[in-house]
Amino acid sequence: HLCTPDIAKTFRLDDRAVGTMASFVRLGGMMSFFVVTISDRVGRKPIISATVLLYALFTFLTAISRGLASFTIFQSGAQIFLSAEFGVAIIMISEEFSDSSRGRGVALLHMVGLLGVVAGGFLYGRVADSRFGWRGMYFIGILPLLLVAFLRRNLRETGRFEALRNSRTPAQIADLKKFGSSIAHAFAPLTGPYRGRLLLVALLWNSVGLVGTPAVTFFSLYAKRDHHWTSAQIGQAVVIAYVIGAFGHLAAGWMLDRVGRKITISATYIVGAVAIYMLFQTETHSAILTAMIVTVVAFQAARTATATYSAELFPTEIRASSYSMTVNLLGSLAGLLTPFTIGALSRSMGGLGNAVAVVSIAPVIGAAIVMLFAPETRGVKLEELGAVAVD
């Protein structure tokens, strides 16, 4: 996303084409649903090891892509495994951390993830304007390959999944190996007693994605093209915003385990809605930077809070399938459609800023849904939460 203006220039893309490309890339994130659900059958450890390897491979292929079509295909493939990797990581933390610290565990994972974002911000101004251009950023992205050896040798399976695997009968194990059974298992949450919870969490992710997606997709293009920021200024803004944004994760983790899920989610959603509106409606460098910082803080906190909910509302046997369905499949519909929609509306509404501002009401709707319909899960054991179905 940092490289969006450079990629647009290379392939001669207008706003509509950028939005269309971004939507196709995000389709890969939705397809990660099928990868994550496999971890309910074979375990968390082998899937997360495979996703790191395949993400690095598709990132390398992106770097050597020769046209818009190949670039889009390879980036979509990379998104499949990036989204799956992160989803399985959230599930592992939810299953391994204590009931009183699950929120902080998820927050810590998001904070560590910010290291890569900050590194990208530092490097962007140097690499994008060098002879390597935007492709150089993707060559750097293959470094996670170094983690594969560690993951395969030193990462253990979660205790809850081991207990589930040991409780399976030979007939159940044989059934899990069948392709038809795998597909049925993947979509089982839609027809079971947890359907209400699944749809609730999916609505929350769409509330975030409706504004979070265009903010990530279009910010660098908006700043560089419409406000004449340099690559170095964009990189610096990202570094500052995401370093400070780490406090959003800390605050969310503390609030989740101290004051509860409902208040934390609602508060972060409302602050994020106001901030994203200001980000695309202000003019001066300092105002845009300030709005960018508040937006990142709010939405990093919102992601931590919503991800915690997504992983703890379902029992172990369908936790990965349900998480992935709410986050990567049903919960990504807004993220899939919004870049295309914003790009298409940009000209008729007088620019990207006005097009993005229209959707800033979405998180406020999400906050209302949480307060009216979501259960409070602070300090409740996963087994207790899994035993209670929502009508």
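The structure this text deals with has already been given above.
Sequence order as written defines the numbering, with residues in each chain counted from 1. Per-residue local features of the predicted model are confined to residues with pLDDT of at least 70, and side-chain atom pairs are confined, for both listing and counting, to 80 or more; whole-chain, interface and lining totals are unaffected and use all residues. To obtain the side-chain values, all non-hydrogen atoms of the structure were included, while hydrogens and water were left out.

**Student:** Explain the overall build of the protein here, please?
**Tutor:** Strands here mean DSSP runs of E at least two residues long; helices mean DSSP runs of H or I at least four residues long; both are numbered from the N terminus. Within the protein, the regular secondary structure consists of 19 helices and zero strands. Radius of gyration: C-alpha atoms only; globule rule: 2.2 Å multiplied by the number of residues to the exponent 0.38. Whereas a compact globule of 391 residues would reach a radius of gyration of roughly 21 Å, the protein reaches 20 Å, a difference of no more than 12%. Seen along its three principal axes, the alpha-carbon backbone of the protein occupies a region of about 60 × 45 × 35 Å. Each of the 391 residues in the protein was classed as buried or not, and the buried ones make up 56%. Throughout, a contact is declared for two residues whenever any of their heavy atoms are within 4.5 Å. A separation threshold of at least 6 residues defines the contact pool for the protein, and within that pool the share at least 24 residues apart is 84%. For the purpose of counting charges, residues Lys and Arg are taken to be positive, whereas Asp and Glu are taken to be negative. His and the chain ends are not included. To locate a charge, take NZ of a lysine, CZ of an arginine, CG of an aspartate or CD of a glutamate. Between the averaged position of the 33 positive side-chain charges in the protein and that of its 21 negative side-chain charges there is a distance of 6 Å. Only protein chains enter the accessibility calculation, which uses a 1.4 Å probe; a residue is then buried when its area is under 20% of its type maximum, exposed when over 50%, and partly exposed in between.

**Student:** Please clarify how the pattern of salt bridges should be interpreted in this entry.
**Tutor:** A side chain with one charge may pair with a side chain of the opposite charge, provided their charged atoms come close. A carboxyl oxygen of Asp or Glu within 4 Å of a side-chain nitrogen of Lys or Arg is what we treat as a salt bridge. A full pass over the atoms with the stated rule returns 12 salt bridges. Between K224 and D6 there is a salt bridge, and its shortest N-O distance comes to 3.1 Å. Here the residue K224 occupies a position in helix α11 (residues 195-226), and D6 occupies one in helix α1 (residues 4-11), the gap between them amounting to 218 residues. Owing to a relative accessible area of 13%, D6 belongs among the buried residues under this scheme. The partner of R104 in a salt bridge is D257, with the nearest N and O atoms 3.0 Å apart. A residue pair is termed long-range when its members are at least 10 positions apart, and R104 in helix α5 (residues 102-127) and D257 in helix α12 (residues 231-258) qualify at 153 residues. You can call R104 partly exposed: its relative accessible area is 35%. Beyond isolated ion pairs, a larger network of salt bridges with shared partners links R102, R104, D257, R261 and E312.

**Student:** What am I meant to see in the packing of α5 against helix α14 (residues 285-312) here?
**Tutor:** Relative orientation and spacing of two packed helices are given, respectively, by the angle between their axes and the distance between those axes. Packing of α5 against α14 leaves a shortest axis separation of 9 Å and a crossing angle of 130°. Here α5 lies oblique to α14, going by the angle between them. The chirality of how α5 crosses α14 is right-handed. Contact residues: R102, G103, V106, A107, H110 and L114 in α5; Q300, R303, T304, A307, T308 and E312 in α14. Interaxial angle, 0 to 180 degrees, is taken between N-to-C directions of lines fitted to C-alpha atoms, where a helix line uses only the stretch in contact. Roughly parallel here means an angle under 35 degrees, roughly antiparallel means over 145, roughly perpendicular means 65 to 115, and every remaining angle is called oblique. Rotating anticlockwise by less than a right angle from the far helix to the near helix defines a left-handed crossing, while the corresponding clockwise rotation defines a right-handed one.

**Student:** Teacher, can you tell me more about unusual backbone geometry here?
**Tutor:** The phi torsion of most residues other than glycine is negative, and most of the peptide bonds are trans. The backbone phi angle of R12 is positive, close to 55°, even though this residue is not glycine. As for its position among the elements, R12 is in the loop between α1 and α2 (15-42).

**Student:** What exactly am I supposed to notice about the nonpolar core here?
**Tutor:** A general feature of soluble globular proteins is that nonpolar side chains tend to end up buried together. Counting 96 residues, the largest nonpolar core has I7, Y242, I276, L279 and M292 as its most contacted members. In this structure Y242 touches L114, V117, V118, M292, V296 and Q300, once residues within four positions along its chain are discounted. To define a nonpolar core, start from buried Ala, Val, Leu, Ile, Met, Phe, Trp, Tyr and Cys residues and group those joined through side-chain atoms within 4.5 Å.

**Student:** For this particular structure, what's the right way to read the environment of V117?
**Tutor:** The residue V117 is located in helix α5 in this model. Between the C-alpha atom of V117 and that of T304, which follows or precedes it by 187 residues, the distance is 16 Å. Excluding residues within four positions of it along the chain, V117 makes contact with V238 and Y242.

**Student:** Whenever I open this one, the side chain of R102 confuses me. Can you help?
**Tutor:** Mapping R102 onto the fold places it in helix α5. A distance of 2.9 Å separates a polar side-chain atom of R102 from the backbone oxygen of V380. Polar contact is the term for a pair of N or O atoms within 3.5 Å; when the atoms are in protein, one must be able to donate a hydrogen and the other to accept it, and sequence-neighboring residues count only if both atoms are side-chain atoms.

**Student:** Is there a simple way to think about helix α13 (residues 261-279) in this case?
**Tutor:** Within an α-helix, residues lying three or four positions from one another point in the same direction, as the helix has 3.6 residues per turn. Taking 1.5 Å per residue, 19 residues should reach 27 Å; α13 reaches 27 Å between its end C-alpha atoms and fits that length. Burial in α13 covers these residues: R261, K262, T264, I265, S266, T268, Y269, G272, A273, A275, I276 and L279. To estimate the expected span of a helix, subtract one from its residue number and multiply by 1.5 Å.

**Student:** Even after reading the chapter, I still don't get the packing of α14 against helix α15 (residues 319-329), so can you show me in this structure?
**Tutor:** Two elements in contact, α14 and α15, have axes whose closest approach is 8 Å; the angle formed by their N-to-C orientations is 140°. Here α14 is positioned oblique relative to α15, judged by the angle of their axes. Note on packing geometry: the crossing formed by α14 with α15 is right-handed. On α15, the residues touching A307, S310 and A311 of α14 are R319, Y323, T326 and V327. Taken together, the residues of the contact of α14 with α15 sort by class into four nonpolar, two polar and one charged. Amino acid classes used here: Ala, Val, Leu, Ile, Met, Phe, Trp, Tyr, Cys and Pro are nonpolar; Asp, Glu, Lys and Arg are charged; the rest, including Gly, are polar.

**Student:** Before we go on, may I ask you to explain α2 in this structure?
**Tutor:** With 28 residues, α2 extends 42 Å between its outermost C-alpha atoms, agreeing within 8% with the 40 Å of an ideal straight helix rising 1.5 Å per residue. Put simply, D14 is the residue that caps the front of α2, since its side-chain oxygen is 3.3 Å from the backbone nitrogen of R16. Within two residues after α2, G43 carries a phi angle of roughly 115°, on the positive side.

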